[in-house]
Amino acid sequence: MKKELIKYAVFALCILLAPLAFSGNYLMNVLVFVGIHTMLAVALNLLLGYAGQISLGHAAFFGLGAYGSGILSTTYEWNPWLAMTVVALVVGGLAFTIGFPILKLKGHYLAMATLGMGIIVYIVFNEWIDMTEGPSGFSGIPNLELGPLVFDSDIKNYYLVWSFVLGCVLLSVNLANSRIGRAFRAIHDAEVAARVMGVNARLLKVQVFALSAMICAIAGSLYAHVMTFIAPPSFGFNISVELLTMVVIGGLGSIYGSFLGALLLTMLPEFLRFMHDYDIVFYGGLLMVMTIFMPGGLVRGIPDLFRKISGLKNRKGGAHA
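None of the values given here were measured: they were computed from a predicted structure.

Chemist: When you look at the overall build of the protein chain in this model, what are you seeing that I'm missing?
Modeler: For the protein chain, the helix and strand inventory stands at 14 helices and four strands. Taking 2.2 N^0.38 as the reference for a compact globule, 321 residues should give roughly 20 Å; the C-alpha atoms of the protein chain span a radius of gyration of 20 Å, in line with that estimate. When the backbone C-alpha atoms are referred to their principal axes, the protein chain occupies close to 75 × 55 × 40 Å. The proportion of buried residues among the 321 residues of the protein chain is 48%. Intrachain contacts of the protein chain at a sequence separation of at least 6 include 78% that bridge at least 24 residues. For the protein chain, the exposed surface amounts to about 15,800 Å²; the carbon and sulfur share of it is 69%.

Chemist: Just checking my understanding: could you explain helix 3 (residues 58–74) for this structure?
Modeler: Residue pairs three or four apart in sequence face the same way in an α-helix, which turns once every 3.6 residues. With 17 residues, helix 3 extends 24 Å from end C-alpha to end C-alpha; this agrees with the ideal 24 Å at 1.5 Å per step. Of all 17 residues in helix 3, 14 are buried; the element is thus mostly enclosed.

Chemist: Please explain the layout of surface pockets as it appears in this structure.
Modeler: A water-sized probe, rolled over the atoms, reveals where empty space remains. Roughly 330 Å³ of internal volume is contained in the second largest pocket. Lining the second largest pocket are 17 residues, and of these L64, Y67, G68, I71 and W128 lie nearest its centre. For the lining of the second largest pocket, the elements supplying multiple residues, two or more each, are helix 3, helix 4 (80–102), helix 5 (107–127) and helix 6 (129–132).

Chemist: Any chance you could explain a nonpolar patch on the surface here in plain terms?
Modeler: Where nonpolar side chains cluster on the molecular surface, the patch consists of L13, L16, L17, L20, I155 and Y159 and spans about 580 Å² of accessible area. It is helix 1 (residues 2–21) that contributes the most residues to the nonpolar patch, four residues altogether. Considering the arrangement of structural elements, one finds I155 in helix 7 (residues 154–176). Of the residues examined, I155 reaches a relative accessible area of 39% and is grouped as partly exposed.

Chemist: Please explain helix 8 (residues 179–189) as it appears in this structure.
Modeler: Taken as a whole, helix 8 has its buried residues at G181, A183, F184 and I187. Looking straight down helix 8, one finds that the buried residues subtend no more than 155 degrees of arc, so they occupy a single side. Projecting away from the buried face of helix 8 at angles above 90 degrees are the exposed residues R179 and D189.

Chemist: Even after reading the chapter, I still don't get the packing of aromatic side chains, so can you show me in this structure?
Modeler: A ring pair, where both rings are aromatic, is described by two values, the distance of the centres and the angle of the planes. Taken as a whole and assessed by the stated rule, the structure comprises 15 aromatic pairs. Aromatic side chains Y158 and Y159 sit 5.2 Å apart centroid to centroid with 90 degrees between the ring planes, which places their arrangement in the edge-to-face category. A ring pair is formed by Y223 and F235, whose centres lie 5.9 Å apart and whose planes are at 85 degrees; its orientation type is edge-to-face. Placement of the pair is Y223 in helix 10 (residues 201–227) and F235 in the loop between strand 4 (229–230) and helix 11 (237–250), with a sequence separation of 12 residues. Accessibility classification places Y223 together with F235 in one group, the buried group.

Chemist: Help me out: how do you make sense of the packing of helix 2 (residues 25–50) against helix 10 in this one?
Modeler: Packed helices, taken two at a time, are described by the angle their axes make and the gap between the axes. Contact pair helix 2 / helix 10: the axes reach a minimum separation of 8 Å and the direction vectors enclose 170 degrees. Here helix 2 is positioned roughly antiparallel relative to helix 10, judged by the angle of their axes. Within the contact between the two elements, helix 2 uses V32, F33, I36, M39, L40, A43, L44, L46 and L47 and helix 10 uses V208, F209, L211, S212, I215, C216, I218, A219, L222, Y223, V226 and M227.

Reading the values: rules and limits
- Residues numbered from 1 in each chain as written.
- Predicted model: local features only at pLDDT ≥ 70, side-chain atom pairs only at ≥ 80, totals over all residues.
- Heavy atoms only, no water.
- Helix = DSSP H or I, 4+ residues; strand = E, 2+ residues; numbered from the N terminus.
- Rg over C-alpha atoms; globule rule 2.2 N^0.38 Å.
- Buried < 20%, exposed > 50% of the residue type's maximum accessible area, 1.4 Å probe, protein only.
- Contact = heavy atoms within 4.5 Å.
- Areas by Shrake-Rupley, 256 points an atom, 1.4 Å probe, with all protein chains shown as cover.
- Expected span 1.5 Å × (residues − 1).
- 1 Å grid on protein atoms, 1.4 Å probe; cavity = no way out; pocket = protein on both sides within 12 Å on 5 of 7 lines; lining within 4 Å.
- Points joined across faces, edges and corners; volume = space filled by probe spheres on them.
- Patch = residues over 30% accessible without salt bridge, like charges linked within 9 Å, V, L, I, M, F, W, Y side chains within 5 Å.
- Salt bridge = Lys/Arg side-chain N within 4 Å of Asp/Glu carboxyl O.
- Arc of directions from axis to C-beta.
- Phe/Tyr/Trp six-rings, centres within 6.5 Å; stacked < 30°, edge-to-face > 60°.
- Axes fitted to C-alpha atoms, helices over the stretch in contact; angles between N-to-C directions.
- Parallel < 35°, antiparallel > 145°, perpendicular 65-115°, else oblique.

Here it is in structure tokens:
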């Protein structure tokens, strides 16, 4: 556990000092999105990487958080912090409720069920025009405030979002290294064996599904109050695919791998603008390549690559000797 605390402390220090190394509002804005995507990737990794339950509908929870917080704080003039809290609890409760029937399914059946859930929520965002303003988008969402401090600039939003990210990472690391985290891994590796050993697999799967949904809802609320404008395309199927790609590329079952995946996949679009609407094809191809050649993701694949290179150098050195 001491090793994990040191790793977390180094990660937190790098995050806090990052603005000193980068300049320019545009780059800071991109790093804000890296933070939001990191929260989403960590949430999905808890469900997929640790508990072994696939989801293609996490963009729905992200969208519910954004629209819920945006509507409550704009239309009904709630305090944004209260709106965020209530929405996170409601989304968590909703996920807990629907999790019982959905998580009875396995494999591609589970993937299809979560995909259907995501599509239904996306249609609601588009069609419930009186509440969400439909395809034209929902605007006028207030920035978050903390006393006299208003989070209305990129640097302020950076520290706001990454404060939540650091809290999310700390919670997830502690959970992964706890008895419950070991139970998650047991369910992932062999659910029947875990049940035989006394693990309440069904309840734990629903609980991690609800926790994952709550984290996504909080990320959605942050997105809404940072952007002050939201629209349905930001919460469509493409987002769920991107999140899945982030988790697989970063490394299943690795919290810090989620950060690496989010960093890479958030920066990549800046270099793929020439592909326009075909970037999803690139993500799919990248996902296939990583699954085949680097199944452990970047967090495990990079060290393995260095070890192989070192091994080849040692062999050449021994041959010359």
